[in-house]
Amino acid sequence: MSDKIILHRRRLIASLALGGGGMLLSGCDALNENTRFRGVLGAAEGWNDGAQRALAGDALAREYRPVDMSPVFRANGNVRVENADYRASAARGFADWALVVDGLVAHPLRLPLGALQAMPQRAQITRHDCVEGWSAIGKWQGPQLGPILQLAGILPAARYIVLHCADRFGSTPYYESIALNDALHPQTILAWMMNDAPLAEAHGAPLRLRVERQLGYKHAKFVMRVEARDRIDNLYGGWGGYWEDAGQYSWYAGI
Ligand SMILES: Nc1nc2c(c(=O)[nH]1)N[C@H]1C(S)=C(S)[C@@H](COP(=O)(O)O)O[C@H]1N2
Ligand SMILES: [Mo]
């Protein structure tokens, strides 16, 4: 019985082609002893791409050719993070940095940059539209958010995905949230590369969200933590994002 469950788990990891699997799972031995956790992770296997696509819908944001890429891609909002932990981590090239995936998941994760880089990657050349009235076309690369949530064993009660960022405006942290269907969309990625180079700090190093069917402010930079939630009206100002709480922009920013 437990052998079978472990096999399922191996197959799930293998199906995600996680070269960095050892790294990824090293902290999880205690969790592996927990049979309830193993059962949930086994069940997550059936939660395949087809189901994701049915949930997310098929409409893709337009993708462009390399020749279309903007010679200059403006950086906007916060372009530097003052947080002391972030500064120390940046000074070490983010070698000790890890993305936290938690909330309504069976299996909370800490994913080092190397694990995110070892997952299957998606690259896309898209147009970024900022509400302030500028656009730029750039190339983004990183793992899709869907498989990361799948690996964490996202629970049926989860309806929103919150991106917690390292930066603040004054004393208010930047954060954003998206509906689950946008989180599972094939073009929704956690990008660590922009225009074929690791993300510059101004563009959100070490990791930023790309959610291509939405406006610029939804594309959270400096993402530290991905949290699955059943509601967002009980978080910070209650409107699901920094700009939303400030009363500036609406939560749904579909283009
Ligand atoms: N953490 C964080 N994410 C953020 C912002 C910010 O200030 N902090 N600004 C947003 C806005 S308004 C835009 S247009 C884009 C800008 O991304 P860029 O700097 O790569 O152009 O990031 C968005 N994500
Ligand atoms: Mo923006």
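Procedures and definitions
- Residues numbered from 1 in each chain as written.
- Chains lettered and ligands numbered in written order.
- Predicted model: local features only at pLDDT ≥ 70, side-chain atom pairs only at ≥ 80, totals over all residues.
- Heavy atoms only, no water.
- Helix = DSSP H or I, 4+ residues; strand = E, 2+ residues; numbered from the N terminus.
- Buried < 20%, exposed > 50% of the residue type's maximum accessible area, 1.4 Å probe, protein only.
- Contact = heavy atoms within 4.5 Å.
- Areas by Shrake-Rupley, 256 points an atom, 1.4 Å probe, with all protein chains shown as cover.
- Core = buried A, V, L, I, M, F, W, Y, C linked by side-chain atoms within 4.5 Å.
- Pairing = 2+ DSSP bridges.
- Polar contact = N/O pair within 3.5 Å; in protein donor to acceptor, adjacent residues only side chain to side chain.
- Phe/Tyr/Trp six-rings, centres within 6.5 Å; stacked < 30°, edge-to-face > 60°.
- pLDDT = per-residue confidence, 0-100.
- Near = heavy atom within 4 Å.

Draft legend 1. Representation of the overall build of the protein chain in the model. A tally of regular secondary structure across the protein chain gives ten helices and eleven strands. By residue count, 50% of the 255 residues in the protein chain fall in the buried class. Taking all contacts inside the protein chain whose residues are at least 6 apart in sequence as the whole, residues at least 24 apart take part in 70%. Summed over all atoms, the accessible surface of the protein chain reaches about 11800 Å², with 53% contributed by carbon and sulfur.

Draft legend 2. Looking closely at the nonpolar core. Grouped together as the largest cluster of nonpolar side chains are 54 residues, with contacts concentrated most on Leu99, Leu145, Leu149, Ile161 and Val226. Residues Tyr160, Val162, Tyr175 and Ile232 belong to the second largest nonpolar core, which totals five residues.

Draft legend 3. View of the sheet that holds strand S9 (residues 197–198). Across the sheet, which stays open at both edges, the four strands sit in the order S3-S4-S8-S9 with antiparallel pairing between neighbours. Strands with a single pairing partner mark the edges of an open sheet, and in this sheet they are strand S3 (122–130) and S9. One ladder, built from two bridges, connects strand S8 (residues 193–194) with S9; its direction is antiparallel. For Met193, the partnering residue across the bridge sits in S9 and is Pro198.

Draft legend 4. Structural context of helix H6 (residues 84–91). By the N-cap criterion, in which a side-chain oxygen at the helix start approaches the backbone nitrogen of a residue two or three places on, H6 is capped by Asn83, the distance to Asp85 being 3.0 Å. One or two residues past the end of H6 sits Gly93, with phi positive at roughly 65°.

Draft legend 5. The environment of Asn181, seen in detail. Within the secondary structure, Asn181 is located in helix H9 (residues 180–183). Its relative accessible area of 31% is what places Asn181 among the partly exposed residues. For the pair Asn181 and Gly146, spaced 35 residues apart in sequence, the C-alpha to C-alpha distance is 9.4 Å.

Draft legend 6. Seen up close, the packing of aromatic side chains. A complete count under the given rule lists 13 aromatic pairs for this structure. Pairwise contacts between aromatic rings join Phe169, Tyr174, Tyr217, Tyr242, Trp243 and Tyr249 into one cluster.

Draft legend 7. Geometry of the confidence of the model for the protein chain. The predicted model of the protein chain has a mean per-residue pLDDT of 85, with 77% of residues at 70 or higher. Contacts of residues 1–49 to residues separated by more than four positions or lying in other chains number 55 contacts, the stretch itself having pLDDT below 50.

Draft legend 8. Local environment of the site of ligand 1. Surveying the vicinity of ligand 1 reveals 22 residues, the closest of which are Arg74, Asn76, Asp167, His203 and Lys221. Here an oxygen atom of ligand 1 sits 2.8 Å away from a polar atom, N or O, in the main chain of Asn78. Contact between ligand 1 and His219: a nitrogen atom at 3.0 Å from a main-chain N or O atom of the residue. Expressed as a share of its isolated accessible area of 530 Å², the protein-covered part of ligand 1 is 99%. At the level of secondary structure, the elements contributing two or more residues to the shell around ligand 1 comprise S3 and strand S5 (160–169).

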